[in-house]
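Reading the structure
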Amino acid sequence: MNKKNILITGAKGQLGREMRKVLEGDIFVNAIYTDVEELDITDDVAIEDCVVSNKVEYIVNCAAYTAVDAAESNVGLCTKLNVEAPTLLAQVAHKHGAKLIHISTDYVFDGTSCRPYREDDPMCPTSVYGLTKADGERHIMDIAPESIIIRTAWLYSPHGKNFVKTMLELGRSRETLRVVSDQVGTPTNALDLASVIASFINCEEWHPGIYHFSNEGAISWYDFTMAIHRIAGITTCHVLPCMTKDYPTAATRPHYSVLDKSKIKATLGIEIPYWEESLEQCINSMHNA
Ligand SMILES: NC(=O)c1ccc[n+]([C@@H]2O[C@H](COP(=O)([O-])OP(=O)(O)OC[C@H]3O[C@@H](n4cnc5c(N)ncnc54)[C@H](OP(=O)(O)O)[C@@H]3O)[C@@H](O)[C@H]2O)c1
């Protein structure tokens, strides 16, 4: 049986762990799960060694610098991980005929649109994180245009640090909570994103290019919090809406970052679950763990 050799980087992160869940039962896949201890994506020699010795055919880059506010004062490390490392991965992938799937973000846009962002809308990031992710995209497509880049948004999973887990913790420990209601986007369950990545790999035809993926719908962080508490049965915390100006953060975030997903739906022939259904799946899986 011919198995596909797939390298997963950042395998201990939110998306990396969900990739493992999705690929684990696939008998046609030989996945190599690595995080920084096994494969540091800033080490060009190590990347090439890994790709060559494991005859890697697909690289799924789940590693990144994702601390959006900390990035504002940590430009060097953020650039290394989000620009230089994806550049190295693209160089090695292109040289050895491996296909790269890289993940980017809605933060490459400035959030001033009044309709969902399409893949070919001009990038205009307003934060260090967004700038580095945008540069990473450009470098990858210059070096290895056969790559797939998936921009996603508001990613969460049962693991790691994310908005859902933070709101569950705060909801259980606080009597009141203020959450911004003037930033609108769409959450993404990392498990849904991992399934879509697997679909690209399992597709008979390879479809290079940039894609947008999140769950369906459009909500504010306030709406999201209300749903998180409702699904988790948290009734003791009073959630109040507030404005971005009342909750200053180091990084500027887009006010509107809904992604248009027509292209990925048409390419893969998929339906995407609504954000609430996927949120319920995630919270239930945390309760059952
Ligand atoms: N989180 C979001 O809301 C969001 C939104 C839009 C797009 N995205 C994008 O989605 C992708 C996945 O995000 P995520 O939330 O799953 O990220 P994550 O949970 O922060 O995971 C990233 C993983 O990469 C690891 N890593 C750090 N430096 C590394 C290195 N030099 N070599 C190898 N691995 C390294 C991290 O280890 P440590 O934890 O030890 O640093 C971590 O395990 C990223 O490209 C991100 O930009 C995320």
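Look up: the structure comes first, before these words.
These notes cover the structure that comes with them. (Residues numbered from 1 in each chain as written. Predicted model: local features only at pLDDT ≥ 70, side-chain atom pairs only at ≥ 80, totals over all residues. Heavy atoms only, no water.)

1. With respect to the site of the ligand
Within the structure, the ligand sits among 24 residues, and Asp 35, Asp 40, Thr 66, Tyr 129 and Lys 133 are positioned closest to it. One of the backbone N or O atoms of Gly 13 is found 3.3 Å from an oxygen atom in the ligand. Within the side chain of Thr 66, a nitrogen or oxygen atom sits 2.7 Å from an oxygen atom of the ligand. Here the ligand, which alone exposes 900 Å², has 77% of that area covered by the protein. Of all the elements in the fold, those that place two or more residues in the shell around the ligand are helix 1 (14-24), strand 4 (99-105) and helix 5 (128-143). (Near = heavy atom within 4 Å. Polar contact = N/O pair within 3.5 Å; in protein donor to acceptor, adjacent residues only side chain to side chain. Areas by Shrake-Rupley, 256 points an atom, 1.4 Å probe, with all protein chains shown as cover. Helix = DSSP H or I, 4+ residues; strand = E, 2+ residues; numbered from the N terminus.)

2. Some points on the packing of helix 2 (residues 44-53) against helix 4 (residues 75-96)
For the pair helix 2 and helix 4, the least separation of the axes is 10 Å and the interaxial angle reads 35 degrees. Crossing angle aside, the handedness with which helix 2 passes helix 4 is right-handed. Across from Asp 44, Ile 47, Glu 48, Val 51 and Val 52 in helix 2, the residues of helix 4 making contact are Leu 88, Leu 89, Val 92, Lys 95 and His 96. Of the residues contributing to the contact of helix 2 with helix 4, the split by class is 6 nonpolar, 1 polar and 3 charged. (Axes fitted to C-alpha atoms, helices over the stretch in contact; angles between N-to-C directions. Left-handed = near helix turned anticlockwise from the far one by under 90°. Contact = heavy atoms within 4.5 Å. Nonpolar A, V, L, I, M, F, W, Y, C, P; charged D, E, K, R; others polar.)

3. Overview of the pattern of salt bridges
Scanning the model with the defined rule gives 11 salt bridges in all. With its nearest N and O atoms 3.1 Å apart, the salt bridge here joins Lys 21 to Glu 18. Taken together, the positions of Lys 21 and Glu 18, both in helix 1 and 3 residues apart, correspond to about one turn of that helix. Overall, Glu 18 belongs to the buried group, its relative accessible area being 1%. Lys 95 is the salt-bridge partner of Glu 48, the closest N and O atoms lying 2.7 Å from each other. Taken as a pair, Glu 48 in helix 2 and Lys 95 in helix 4 lie far apart in primary sequence, 47 residues in all. (Salt bridge = Lys/Arg side-chain N within 4 Å of Asp/Glu carboxyl O. Buried < 20%, exposed > 50% of the residue type's maximum accessible area, 1.4 Å probe, protein only.)

Shape is all these values report; function is a separate question.
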